[in-house]
Structure formats: C-alpha cells, structure tokens
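Chain by chain, the residues:
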Amino acid sequence: MERSRILVSMRLTAFWKNMYEQFGEAYADSLAQDHVIEELGSRTVQQALADGIGAKEVWRAVCNAFDLPASVR
C-alpha cells in the first residue's frame, strides 16, 4: 500500500512539474482550479484529480485543450 502511494505521489509531482513548466506557477494553479475541460467530463483539473482520474490522463486532456506541442505530451 505504501509503495502505491509513493508511485501516485511521484506521478502527481511530475504532473505539477509539467503544469508549472508550461503555464508558470500562478497561471497553472488558476487554470487547474477554474478552467473546465470537456475531455475530463466537464471538470476542472482539480476536480478530475480529486475524482480519481489519473494524472497522466489529466495531463493528456490539458495538452489537448491547450494544443500543447507533441514534445511535452
């Protein structure tokens, strides 16, 4: 069980690193809280993560929604 938490934590760490690199810290936090993404079932990033959607799936949805380059996907 502890190993699972560590792996999830690491994935979330990588997710937030990607968000901050692409959008800057302040905008990434605002986007995660306020921007509804259709691909996530009309949820925000924060809602999707809280509902148990995997960080990798959420990242893909963010990439699609903001048309980020293939190099960061």
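Residues numbered from 1 in each chain as written. Predicted model: local features only at pLDDT ≥ 70, side-chain atom pairs only at ≥ 80, totals over all residues. Heavy atoms only, no water.

### Some points on the overall build of the protein chain
Argument step 1. What the protein chain contains, in helices and strands, is four helices and zero strands.
Argument step 2. The buried share of the protein chain, taken over its 73 residues, is 29%.
Argument step 3. In the structure as shown, the protein chain presents an accessible area of about 4900 Å², 50% of it carried by carbon and sulfur atoms. (Helix = DSSP H or I, 4+ residues; strand = E, 2+ residues; numbered from the N terminus. Buried < 20%, exposed > 50% of the residue type's maximum accessible area, 1.4 Å probe, protein only. Areas by Shrake-Rupley, 256 points an atom, 1.4 Å probe, with all protein chains shown as cover.)

### Regarding the environment of Ala55
Argument step 1. Along the chain, Ala55 turns up in helix α4 (residues 55–65).
Argument step 2. A residue is classified by how much of its surface remains accessible, and Ala55, at 12% relative accessible area, is buried.
Argument step 3. Spatially, the C-alpha atom of Ala55 lies 9.2 Å from that of Val45, the residues being ten residues apart in sequence.
Argument step 4. Filtering out sequence-adjacent residues up to four positions away, Ala55 remains in contact with Arg11, Leu12, Phe15 and Leu49. (Contact = heavy atoms within 4.5 Å.)

### Focus: helix α2 (residues 25–34)
Argument step 1. Taken as a whole, α2 has its buried residues at Ala28, Leu31 and Ala32. Mapping the buried residues of α2 onto a view down its axis gives an arc of 95°, with all of them on the same face. Opposite the buried face of α2, by more than 90 degrees, sit the exposed residues Ala26, Gln33 and Asp34. (Arc of directions from axis to C-beta.)

### Topic: the nonpolar core
Argument step 1. Membership of the largest hydrophobic core comes to 20 residues, with the highest contact counts inside it found for Phe15, Met19, Val45, Val58 and Val62.
Argument step 2. Those elements that provide at least two residues to this core are α1 (2–23), α2, α3 (45–50) and α4.
Argument step 3. At six residues, the largest contribution of residues to this core is made by α4.
Argument step 4. With near-sequence residues (within four places) excluded, Met19 lies in contact with Gly24, Ala28, Leu31, Ala32, Trp59 and Val62. (Core = buried A, V, L, I, M, F, W, Y, C linked by side-chain atoms within 4.5 Å.)

Keep in mind these numbers describe shape, not what the thing actually does.
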